[in-house]
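# Survey of secondary and tertiary structure
Listed here are the chains, written in short residue letters.
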Amino acid sequence: MTSEGNVLPRFLQLQKALMSSLRLKDVLDSSVSTFTEMAGGAKVAIFLTDNEGMAFKLMAAKGYSDASIDQMKVIPFSGESLLKYVAQKRIPLTAQDASSAPDISAAIMKREISKGQIAVPLMAANALIGAVLLEVNNPQVLGYADFLKEVADIAALAIGNAVIFGRAEYERERLNTLYKATCALNGNAQELSQVLQIGADTALVLANTPSCAILLYDREKENFQLGAFKGLDGGSMTDFDMSGGSIAGSVLRSGKSEQFGEGGKKPYGLPRGNGGLPFGSVVALPLVHNDRQIGVLEVFSTEYRAFRREQVDLLEALAQQVSASLHIALSHESASSQSIVDAHTGLANRWQFEAALDKEMERSQRKNHQLSVLMVDIDHLAQINDHLGEDRGDETIKYVARTIKKTLRDIDVPARFGGEEFAVILPETSHADALDVAERLRQQVRSAPATGIGIVTVSVGVASYPDNAADVHSLMRDLEQALNVAKFEGRDRVKAALTGKYAEHSQIAWEALANQARMAVISDRQSRLSSRLTTTPEYATWLAKPSSLVGKKKGS
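Keep in mind that this is a model prediction, so the values were computed, not measured.

Reading guide: rules and limits
- Residues numbered from 1 in each chain as written.
- Predicted model: local features only at pLDDT ≥ 70, side-chain atom pairs only at ≥ 80, totals over all residues.
- Heavy atoms only, no water.
- Helix = DSSP H or I, 4+ residues; strand = E, 2+ residues; numbered from the N terminus.
- Buried < 20%, exposed > 50% of the residue type's maximum accessible area, 1.4 Å probe, protein only.
- Contact = heavy atoms within 4.5 Å.
- Areas by Shrake-Rupley, 256 points an atom, 1.4 Å probe, with all protein chains shown as cover.
- Pairing = 2+ DSSP bridges.
- Axes fitted to C-alpha atoms, helices over the stretch in contact; angles between N-to-C directions.
- Nonpolar A, V, L, I, M, F, W, Y, C, P; charged D, E, K, R; others polar.
- Patch = residues over 30% accessible without salt bridge, like charges linked within 9 Å, V, L, I, M, F, W, Y side chains within 5 Å.
- Salt bridge = Lys/Arg side-chain N within 4 Å of Asp/Glu carboxyl O.
- Lys, Arg positive; Asp, Glu negative; His and termini not counted.
- Charge placed at Lys NZ, Arg CZ, Asp CG, Glu CD.
- Core = buried A, V, L, I, M, F, W, Y, C linked by side-chain atoms within 4.5 Å.

### Structural notes on the overall build of the protein
The number of helices and strands found in the protein is 15 helices and 16 strands. With 556 residues in all, the protein has 45% of them scored as buried. Considering only contacts within the protein whose residues lie at least 6 apart along the sequence, 63% involve residues at least 24 apart. When the accessible area of the protein is evaluated, it comes to approximately 28400 Å², of which 50% is carbon and sulfur surface.

This is the structure we're talking about:
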């Protein structure tokens, strides 16, 4: 211990060092150094009280073994240690040896080969804010417990000021984060993906946690869909209950935020955090705008009682902003979908297909990925219209659209290209794989009779990047040629464009064949158009009869 002659000067220097900073880490480090010096090189551990968790939490330590630090990370108020009695009596306490110490203190003393243990309360404004635990290597230091209490009072004042300042800074930073998030949400209110990302990222900062999720409510199915998530273990997503009876469903029905894992309600139906750790706490906040139930924001922590009231208040403010922006984004997306979706089939329309193909081509070129496109044409749709009626023709179009949609992957983009033609974007799909998809689609369409129509067949053209073409314009030209050749050669078949790297496999010049097929298709269309223009409608067939036969009775 510091010699008696220089105790006071050294004590004043240490006091000045303790008060020189408002950063909690700096204050804790100075406090540890102060106690170590004043207690003759003792091992020191400083704890702060967690009144909600009813425990002491280790904040800083010096000299202790890893095993002891692990044991001291959280010491319950009820745990048998000197800290328990310090919390009760608010005075310094000592243990001369392990045999006279409570169980937890005894285990630490034995492990650290301590010559004695001192526990000193940290009091600020008559409130217990923590405690100091010391393992001394000189039994005489036990007699200076009251003096160490004086040091502890100075340390407690500095720690208390740092805690208050830290909370004020924390709140200021969080309010600033909330303000920036509000500005970002307002600026991206029409972009659903941006709103979801901004909402999730901001929630992590405000809640000081790495894990969250935004669930969007599906009114028709009365369940939730995962809109965005951060820090969740992918292998546990099947455990995530997104039904109407889940935590999200309960919160959305009540319209109020709820905490689970704070002592009253236990979390249930949740995924796990990164690394497979289970969540101990969750705050769920309803996302509602003008009585429109949009979804639920959930933030998770692997710790028990992890979220404070002030954090929940900030999250509730964020939830209001996210709700308003999601309302705008979803409304905009709904309106946009009406202009980019073919109303007859529910598939993307030609405008959306062309926009999506431009984006996919750019991505494939940038990432050096393969890309394939199919063009699908319903065989003899005009005959179906002529012989069975246009209603059956419409049903045929819908039947093929449904078959295309259920045959493809989620990442594929099917679209109605016009009339009886459909186009399909196959991202990251090779030429060979695209041929397999096309053949599977062709067989699926004709596998069973369509109700009220019979067997329907399709012709399919296939072209790929970079095997056939290096740009969108050339790719679509090759695709149209392949489809024309498929129809020219008899329909109900798949034909790949023999261009680019496949040109050498052509037995005849591909361009000549493609031109011949194109002229045949044009001729067929003109023939059908001419037939429709010259044929008298059935309801007025009498107009085509000789006038002598119209209204003339037999024998007159």
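### Points about the sheet that holds strand E15 (residues 458-465)
In space, the five strands of this open sheet follow the order E13-E14-E12-E15-E16, with mixed pairing throughout. Both edges of this open sheet fall to strand E13 (413-418) and strand E16 (494-496), since each of them pairs with a single strand only. In this sheet, adjacent strand axes meet at a mean angle of 20° when their direction is disregarded. Relative to E15, strand E12 (residues 371-378) is paired through eight bridges, and the arrangement is antiparallel.

### A few points about the packing of helix H11 (residues 381-388) against helix H12 (residues 390-407)
Axis separation between H11 and H12 bottoms out at 6 Å; the angle between their running directions is 145°. Packed against H11, whose contacting residues are Leu381, Ile384, Asn385 and Leu388, the element H12 presents Glu390, Arg392, Gly393, Thr396 and Ile397 at the interface. For the contact of H11 with H12, the class distribution of residues is four nonpolar, three polar and two charged.

### Thoughts on unusual backbone geometry
The omega torsion across Tyr465 and Pro466 is 5°, close enough to zero to call that bond cis. Counting through the fold element by element, Pro466 comes out in the loop between E15 and helix H14 (472-488). Of note, Ile113 is a non-glycine position whose phi angle comes to about 50°, a positive value. Despite not being glycine, Asn368 shows a phi value in the positive range, around 60°. Taking the relative accessible area as the measure of exposure, Asn368 reaches 69% and is therefore exposed.

### Describing the pairing of E12
Burial runs high along E12: eight of the eight residues are buried. In the sheet, E12 pairs with strand E14 (residues 421-427) via seven bridges, with the strands oriented antiparallel. Within E14, the position partnered with Leu371 by the bridge is Pro427.

### Let's talk about a negative patch on the surface
Side chains of Asp386, Glu390, Asp391 and Glu395 sit close together on the surface and give a patch of like negative charge. The element that contributes the greatest number of residues to the negative patch is H12, accounting for three residues. With respect to the helices and strands, the residue Glu390 is situated in helix H12. Glu390 sits in the exposed class, given a relative accessible area of 60%.

### Some points on the nonpolar core
In this structure, Leu287, Val299, Leu318 and Leu326 are the most contacted members of the largest nonpolar core, which totals 32 residues. Contributions of two or more residues to this core are made by helix H6 (145-187), helix H7 (192-207), strand E7 (211-218), strand E10 (281-289), strand E11 (292-301) and helix H9 (309-340). Once residues within four sequence positions are removed from consideration, Leu318 is found in contact with Leu178, Ala181, Gly199, Thr202, Ala203, Leu206 and Leu297. Val32, Ala124, Ile129 and Ala156 belong to the second largest nonpolar core, which has 30 residues in total.

### Structural notes on the pairing of E10
Regular strands place side chains that alternate from one sheet face to the opposite one. Within E10, seven of the nine residues are buried, which leaves it mostly tucked inside the rest of the structure. Where strand E9 (residues 258-260) lies against E10, three bridges are found, and the strand directions are antiparallel. Its bridge partner being in E10, Glu258 is matched across the sheet by Ala284. With nine bridges connecting them, E10 and E11 associate as antiparallel partners. Across the sheet, Ser281 pairs through a bridge with Ser301, a residue of E11. Between E10 and the antiparallel strand that follows it, E11, lie two residues; Asn290 among them carries a positive phi value of about 50°.

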